[in-house]
Amino acid sequence: MIRECEPVRDRAGLRTCVVELQEFERGLEPSLPKGEEMADRYLAHMLRRCGEATGRIFVAEEAGAIVGFVGVLARVVPEPDEGQAYGYVSDLVVLPAHRRRGLGRALLERAEAYARGEGARVLRVGVLARNTGAARLYRSLGFGDYTIQLGKSLR
């Protein structure tokens, strides 16, 4: 079942998902902070951003447990050189034991419907370059390359 998040009730499940996502991404990009170290601050940040940008968090729930979530911001104010406001998928995670069953796709579709309903005409998502599985899912749902951000270590 996909439903709107209830931040107080769902906090522990959201936190578990944030830690999972962060540790997965650390496996791709070791410079990222550890999930346990950043999860509480990140949850507060995510909820604050939802308040500022007409955002929502939708959770995937099975047998009363949160097994994934998507964060979507419906009205991101663009930089002066970007043009119109846009929607943004800030986070998407499904716990490993629940993957490959369409939950990620269902969460993204719910996020897209929400953003469209709030008037977004464009929906963006960021993905680590090494996260080919996520990029494949996003492309299968109609996302295409918009910008490429490059990085260089200065150590």
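Residues numbered from 1 in each chain as written. Predicted model: local features only at pLDDT ≥ 70, side-chain atom pairs only at ≥ 80, totals over all residues. Heavy atoms only, no water.

A. Region of the structure containing unusual backbone geometry. Despite not being glycine, A63 has its phi angle at roughly 50 degrees, a positive value. Mapped onto the elements of the fold, A63 is located in the loop between β2 (55-62) and β3 (65-76). Look at R100: it is not a glycine, yet its phi comes out positive at around 65 degrees. Topologically, R100 is positioned in the loop between β4 (86-94) and α3 (103-117). Of the residues examined, R100 reaches a relative accessible area of 84% and is grouped as exposed. (Helix = DSSP H or I, 4+ residues; strand = E, 2+ residues; numbered from the N terminus. Buried < 20%, exposed > 50% of the residue type's maximum accessible area, 1.4 Å probe, protein only.)

B. Local environment of the packing of aromatic side chains. As enumerated under the stated definition, the model contains two aromatic pairs in all. Note on F58 and Y114: the rings are 5.8 Å apart at their centroids and 65 degrees apart in plane angle, and the pair reads as edge-to-face. Within this pair, whereas F58 is found in strand β2, its partner Y114 is found in helix α3, the two being separated by 56 residues in sequence. Taking the centre distance of 5.9 Å and the plane angle of 65 degrees together, the rings of Y138 and F143 count as edge-to-face. (Phe/Tyr/Trp six-rings, centres within 6.5 Å; stacked < 30°, edge-to-face > 60°.)

C. Quick peek at the pattern of salt bridges. For the structure shown, the criterion picks out 17 salt bridges. We note a salt bridge from R15 to D40, for which the minimum N-O separation is 2.8 Å. With R15 in helix α1 (residues 7-28) and D40 in helix α2 (residues 35-52), this residue pair connects regions lying 25 residues apart in the sequence. On the accessibility criterion, R15 (17% relative accessible area) is buried. The exposure class assigned to D40 is partly exposed, which follows from its relative accessible area of 38%. (Salt bridge = Lys/Arg side-chain N within 4 Å of Asp/Glu carboxyl O.)

D. Inspection of α2 at higher detail. The end-to-end C-alpha separation of α2 is 24 Å, in line with the 26 Å expected for 18 residues at 1.5 Å each. Maximal helix bending in α2 amounts to about 30 degrees, located at R41. Taken together, the buried positions of α2 are occupied by G35, M38, A39, L43, M46 and C50. At its buried positions, α2 is contacted by α1, β2, β3 and β4. (Expected span 1.5 Å × (residues − 1). Bend = angle between axes of the 7 residues up to and from the residue. Contact = heavy atoms within 4.5 Å.)

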